[in-house]
Amino acid sequence: MRALMTPVKAWLGYPYPLGATWMGNGVNFALFSETAASVELCLFDDIEATEENIRIPVTEHTDQVWHVFLPDVRPGQLYGYRVSGPYDPERGLRFNSSKLLLDPYAKAIAGEVTWADEMFGYVVGSEDEDLTQDFRDDAWGVAKSVVIDSAFDWHDDKLLRIPLHRSVIYEVHVKGFSKLWHDLPEELRGTYAALGSAAAIGYFKKLGVTAVELLPVHAHIDDKVLIDHGLTNYWGYNTIGFFAPHAQYSGSGQLGEQVIEFKSMVRNLHAAGIEVILDVVYNHTAEGNHLGPTLCFRGIDNLAYYRLQLDNPRFYLDFTGTGNTFNVLHSRALQLVMDSLRYWVLEMHVDGFRFDLASTLARDHAGVNKLHAFFEIIHQDPVLSQVKLIAEPWDVGEGGYQVGNFPVLWAEWNGKYRDAMRSFWKGDEGRIGEVAYRLTGSPDLYQHNGRRPYASINFVTAHDGFTLNDLVSYDKKHNELNGDDNRDGDNNNQSWNCGVEGPTDDPKINALRERQRRNFLITLFLSQGVPMLSGGDEWGRTQNGNNNAYCQDNEISWFNWERDEKQNQFVEFTRKLIQLRRDHPVFRRPKFFQGRRIRGSETRDVMWFNPGGSEMSEEEWTSPFVRCLGMLLSGDTMDVLNFEGEPIRDDTFLLLINAHYEPIPFVLPGQEHIEWQLVLDTMDPNGFLMEPRKFPSGDDVDLGGRAACLFQLVSGAQAQAREESWKKRHVEFPALSAEEERARGK
């Protein structure tokens with residue numbers, strides 16, 4: 001490339017803050033690189049420019065930060081860096097000044113990567129692979145960083161700080177939510193503006209959710225291998241900019257307008273009482289393994305930003321399954337993560353984060369470490385310690401499954417909840433004891449280290465895996481359209497197709513599938529902990545059996561807003577379930593049940609009954625045949641108080657669940673002369689009964705096969721309900737055959 005020498009004023013600048021900062025009288029640029037030999041700042045006239053119009057040597061560096069101040073530059077300026085130093089992959093050094101690099105602290109990123117061999121720092125196809133440097137310029141085909149003006153009228157907006165135990169989380173993709181919504185102007189569909197529109201907010205409010213958890217909105221890159229196959233990285237777990245909202249979700253522009261649009265979305269959602277939680281990916285970046293492109297971190301300071309193999313730093317440690325692992329063991333890389341998190345809270349007003357593959361962030365040289373600096377810094381940070389922190393508590397490395405092991409302040413995606421409920425409702429044996437733990441907020445996982453039920457983020461489905469409709473419609477994944485011969489995605493789905501694989505016209509199978517979906521949601525929303533609903537499950541969205549639709553930016557993933565009567569019926573059922581949870585604090589306690597008589601009170605906060613109306617015996621808890629259970633929740637406990645120190649009172653409820661394929665008569669518990677009202681029965685297509693029916697204690701009620709019922713105490717003292725049934729009867733359980741005993745190793 002020819003030398004570009006357009007004159008421009010360049011002052012010394014400041015080493016802090018990092019990134020490009022509009023200061024009212026110019027822009028300060030600051031870039032960390034511990035091992036670079038020199039740095040050049042490149043300015044571009046517009047997004048279509050194939051080369052920079054000016055290249056400015058950055059001569060000042062303080063504390064390993066290269067900095068310069070340009071008094072004539074304004075917001076909207078496109079820029080990038082060229083960083084020089086040794087190209088020596090075998091020593092972990094991958095500098096290549098032929099490659100234009102994004103600013104790791106860029107607040108906005110414009111354009112996309114136009115994939116070609118020039119985007120790689122080595123000669124693609126060389127016999128030496130990444131050991132031979134590529135000297136071709138790539139500025140014509142890479143995204144550019146953008147200087148922004150951070151000013152915004154927030155209208156006195158602030159974080160909502162809804163307590164976690166009162167939260168109902170709705171996981172959703174920004175684009176997929178509204179792309180096909182004809183009620184919105186076409187130019188808004190699939191954008192931040194659509195998610196913050198009056199129509200979307202009206203939908204969220206009617207449904208009753210308190211927070212939207214957005215799949216990654218950090219700027220990400222579509223992998224070359226996907227583009228080559230006509231696909232994209234739709235989910236966005238391929239981050240390249242930890243500060244920049246993904247520009248392709250903006251309907252207003254990419255030169256900083258995406259930042260304003262995102263802030264407006266948050267402001268609108270907050271005004272409606274809805275929090276915004278971001279799914280964030282700090283465990284890896286879009287640059288992949290040693291054969292990946294050079295777009296940002298790799299070319300700025302590969303040794304600092306990535307975990308490299310100690311004995312062979314040419315190669316990357318990979319605990320993420322994506323080729324690389326971000327190096328939060330390095331102070332500057334860890335600083336970047338913390339600066340990013342604080343930026344999204346303080347400048348973008350988000351209410352919390354869900355950390356993708358969070359175990360990776362807690363890894364040191366010995367493995368996952370609960371005393372990792374990552375945790376320590378967050379816990380003492382006055383900003384981050386006060387927002388919602390949700391871990392995906394696993395990664396793909398050895399010892400990476402850490403459900404129940406994160407420290408206080410953290411909630412977790414409870415994968416054991418998902419697996420237990422799926423296994424139970426498809427009829428697996430020996431699950432009843434674990435189901436009881438999951439219904440009560442998983443005290444076996446979270447009570448030992450001072451955490452509360454709201455540490456458990458309960459979910460049956462999420463973006464990753466089957467939708468709720470597909471969970472009851474497919475035994476096996478069907479990912480052929482992903483282009484990997486159906487090898488991708490999880491094979492262990494704990495799903496059941498109810499008799500036929502995929503769609504069917506059989507009315508009995510369809511009725512069973514609808515009932516199973518109601519069963520899953522009644523247990524989800526009436527469990528202690530925090531329910532998370534995967535967007536679209538409230539009406540039965542399908543991905544045609546695809547359980548890994550990460551690359552399907554099309555109708556497979558997008559919401560279809562044209563819904564039939566049954567789908568609308570299911571939305572209404574979901575809405576009423578969420579309303580029931582909101583109306584009754586007994587379903588969302590901030591403390592674990594004690595399961596025994598509380599000191600100074602005759603209250604038993606939770607009780608467990610068998611179909612005979614007796615309390616569950618130890619034999620029944622351990623029997624592989626028990627698939628039916630009654631859970632009584634006392635509403636007049638004394639241990640949950642409001643802010644003024646007064647007990648929070650509620651009604652008493654009885655939840656009956658039956659995963660047997662046959663109906664079971666269930667004797668209602670309690671002393672004589674009390675009365676229960678059946679308010680919810682999943683055998684009914686509506687779920688909630690149009691005319692609730694009343695039953696006296698001691699009556700046998702017909703609990704349908706694979707069904708759930710909810711009763712509310714409507715007559716008699718609550719203390720009288722917390723007893724075995726006055727008409728209890730003995731329940732026989734079948735004995736194991738000799739062959740079954742041998743199979744169980746007895």
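Residues numbered from 1 in each chain as written. Predicted model: local features only at pLDDT ≥ 70, side-chain atom pairs only at ≥ 80, totals over all residues. Heavy atoms only, no water.

> Help me out: how do you make sense of the overall build of the protein chain in this one?
A tally of helices and strands in the protein chain yields 18 helices and 31 strands. Relative to the 2.2 N^0.38 estimate, which gives 27 Å for 746 residues, the radius of gyration of the protein chain is 28 Å and therefore close to what a compact globule would have. When its C-alpha atoms are laid out on the principal axes, the protein chain stretches across 95 × 60 × 50 Å. Counting the 746 residues in the protein chain, one finds 61% classified as buried. Taking the contacts inside the protein chain whose residues are at least 6 apart along the sequence as the reference set, 73% of them involve residues at least 24 apart. Here the protein chain displays about 28,800 Å² of accessible surface, and carbon together with sulfur accounts for 48% of that area. When the 73 positive and 107 negative side-chain charges of the protein chain are each reduced to one mean point, those points stand 5 Å apart. (Helix = DSSP H or I, 4+ residues; strand = E, 2+ residues; numbered from the N terminus. Rg over C-alpha atoms; globule rule 2.2 N^0.38 Å. Buried < 20%, exposed > 50% of the residue type's maximum accessible area, 1.4 Å probe, protein only. Contact = heavy atoms within 4.5 Å. Areas by Shrake-Rupley, 256 points an atom, 1.4 Å probe, with all protein chains shown as cover. Lys, Arg positive; Asp, Glu negative; His and termini not counted. Charge placed at Lys NZ, Arg CZ, Asp CG, Glu CD.)

> Looking at this structure, how should I read the sheet that holds strand 1 (residues 19–22)?
To summarise the sheet geometry, strands pair through backbone hydrogen bonds and adopt either a parallel or an antiparallel arrangement. The strand order 1-2-6-5 describes an open sheet built from four strands, whose pairing is antiparallel. With one partner strand each, in any of the chains shown, strand 1 and strand 5 (60–62) form the two edges of the open sheet. Sheet twist, expressed as the mean angle between neighbouring strand axes with direction ignored, is 25°. The pairing of strand 2 (residues 27–32) with strand 6 (residues 65–70) spans six bridges and is classified as antiparallel. Note that in strand 6 the partner of Asn28 across the bridge is Phe69. (Pairing = 2+ DSSP bridges. Axes fitted to C-alpha atoms, helices over the stretch in contact; angles between N-to-C directions.)

> How should the packing of aromatic side chains be read in this particular structure?
The geometry of an aromatic ring pair is captured by the separation of the ring centres together with the interplanar angle, meaning the angle of the planes. This model, assessed by the stated rule, comprises 53 aromatic pairs. With centroids separated by 4.9 Å and ring planes inclined at 50°, the aromatic side chains of Phe587 and Phe653 adopt a geometry described as tilted. Highlighted residues: Phe587 in the loop between helix 15 (565–583) and strand 24 (606–609) and Phe653 in strand 26 (residues 653–658), separated in sequence by 66 residues. Here Phe653 falls in the buried class, since its relative accessible area comes to 0%. (Phe/Tyr/Trp six-rings, centres within 6.5 Å; stacked < 30°, edge-to-face > 60°.)

> Whenever I open this one, the pattern of salt bridges confuses me. Can you help?
A side chain with one charge can pair with a side chain of the opposite charge if their charged atoms come near. For the coordinates displayed, the defined rule picks out 35 salt bridges. Across the pair Asp130 and Arg314 runs a salt bridge, and its minimum N-O distance is 2.6 Å. In this pair, Asp130 is assigned in the loop between strand 10 (108–110) and strand 11 (144–146) and Arg314 in the loop between helix 6 (297–305) and helix 7 (331–346), connecting sequence segments 184 residues apart. Each member of the pair, Asp130 together with Arg314, is buried. Taking the shortest distance from any N to any O, the salt bridge between Asp485 and Arg487 comes out at 3.2 Å. (Salt bridge = Lys/Arg side-chain N within 4 Å of Asp/Glu carboxyl O.)

> I tried to follow the pairing of strand 25 (residues 628–633) on my own but got confused; where do I start?
Regular strands place their side chains on alternate faces of the sheet. Taking burial as the measure, the six residues of strand 25 include six buried ones, the bulk of the element. Burial along strand 25 is two-sided: the residues Cys628, Gly630 and Leu632 and Leu629, Met631 and Leu633 are all buried. Relative to strand 25, strand 24 is paired through four bridges, and the arrangement is antiparallel. Residue pairing for strand 25: Phe609 is matched across the bridge by Gly630.

> Which parts of the structure should I look at to understand the confidence of the model for the protein chain?
Low pLDDT marks regions whose predicted coordinates should not be analysed in detail. On average, the protein chain scores 95 in pLDDT, and the residues at 70 or more come to 96%. Counting contacts from residues 1–5, a segment whose pLDDT is below 50, to residues more than four positions away or on other chains yields ten contacts. Here residues 736–746 scores under 50 on pLDDT; set against residues more than four positions off or in separate chains, the count is ten contacts. (pLDDT = per-residue confidence, 0-100.)

> When you look at unusual backbone geometry in this model, what are you seeing that I'm missing?
Peptide bonds are mostly trans, and most non-glycine residues show a negative phi. A cis amide bond, omega 0°, links Tyr16 with the succeeding residue Pro17. Tracing the backbone through its elements, the reader meets Pro17 in the segment before strand 1. Not every positive phi belongs to a glycine, and Arg161 is a case in point at roughly 55°. With respect to the element layout, Arg161 can be found in the loop between strand 11 and strand 12 (169–172). The backbone phi angle of Gln494 is positive, close to 50°, even though this residue is not glycine. Summarising the element assignment, Gln494 is placed in the loop between helix 13 (468–471) and helix 14 (507–526).

> Can you help me understand the side chain of Asp681 in this one?
By the element assignment, Asp681 lies in strand 28 (residues 675–681). For the buried Asp681, no salt bridge exists, and the shortest N-O distance to an oppositely charged side chain is 4.6 Å, to Arg693. A polar side-chain atom of Asp681 sits 3.0 Å from the main-chain amide nitrogen of Met683. Residues in contact with Asp681, not counting those within four places in the same chain, are Gly687, Leu689, Ala708 and Cys709. (Polar contact = N/O pair within 3.5 Å; in protein donor to acceptor, adjacent residues only side chain to side chain.)

> Sorry, what's going on with the sheet that holds strand 7 (residues 78–84) here?
Taken in spatial order, the five strands line up as 4-3-7-11-10 in an open sheet, and their pairing is antiparallel. The open sheet has two edge strands with one neighbour each: strand 4 (54–58) and strand 10. Averaged over all pairs of adjacent strands, the angle between their axes in this sheet comes to 35°, without regard to strand direction. Summarising the sheet, strand 7 and strand 11 pair through two bridges and their orientation is antiparallel.

> Would you mind showing me how to read helix 3 (residues 198–207) here?
Three or four residues apart is the spacing at which side chains of an α-helix point the same way, because the helix has 3.6 residues per turn. Turning to helix 3, its buried residues number three or more, namely Ala200, Ile201, Tyr203, Phe204 and Leu207. Along the axis of helix 3, the buried positions cluster into a sector of 155°, meaning they face one direction only. Projecting away from the buried face of helix 3 at angles above 90 degrees are the exposed residues Ala198 and Lys206. Gly208, located one to two residues past helix 3, shows a positive phi value of around 105°. (Arc of directions from axis to C-beta.)

> Looking at this structure, I do not really get the nonpolar core. What am I missing?
The biggest cluster of nonpolar side chains holds 177 residues, and the ones touching the most others in it are Phe29, Tyr170, Phe177, Phe204, Phe353 and Phe355. Apart from the residues within four sequence positions on either side, Phe204 is in contact with Tyr170, Phe177, Leu195, Val209, Val212, Leu269 and Ile274. Membership of the second largest hydrophobic core comes to 20 residues, among which are Leu656, Ile664, Leu678 and Val701. (Core = buried A, V, L, I, M, F, W, Y, C linked by side-chain atoms within 4.5 Å.)

> Would you take a moment to explain the side chain of Asp537 for this structure?
Among the structural elements, Asp537 can be located in the loop between strand 23 (530–534) and helix 15. A distance of 2.3 Å separates the side chain of Asp537 from the side chain of Thr461, its partner in a polar contact. Among all residues touching Asp537, those that are not within four sequence positions of it are Thr461, Thr467, Leu468 and Phe570.

> Explain helix 14 to me, please; I cannot follow it from the model alone.
For helix 14, with 20 residues, the first-to-last C-alpha span of 28 Å sits near the 28 Å given by 1.5 Å per residue. With 16 of 20 residues buried, helix 14 is to be regarded as a mostly interior element. Its side-chain oxygen placed 2.9 Å from the backbone nitrogen of Lys508, Asp506 serves as the N-cap of helix 14. (Expected span 1.5 Å × (residues − 1).)

> What should I look at first to understand the packing of helix 7 against helix 9 (residues 373–380) in this one?
Packed helices, taken two at a time, are described by their axes: the angle between them and the distance between them. One way to put it is that helix 7 packs onto helix 9 with a least axis distance of 11 Å and a crossing angle of 35°. The crossing of helix 7 and helix 9 is right-handed. Contacts from Leu334, Val337, Met338 and Leu341 of helix 7 reach helix 9 at Ala373, Phe374, Ile377 and Ile378. Its residues placed into classes, the contact of helix 7 with helix 9 shows eight nonpolar, no polar and no charged. (Left-handed = near helix turned anticlockwise from the far one by under 90°. Nonpolar A, V, L, I, M, F, W, Y, C, P; charged D, E, K, R; others polar.)

> Teacher, can you tell me more about the environment of His165 here?
Mapped onto the elements of the fold, His165 is located in the loop between strand 11 and strand 12. Along the backbone, His165 and Asn324 are 159 residues apart, and their C-alpha atoms lie at a distance of 36 Å. Apart from the residues lying within four places of it in its own chain, the contact partners of His165 are Tyr454, Arg581, Arg588, Arg589 and Pro590.

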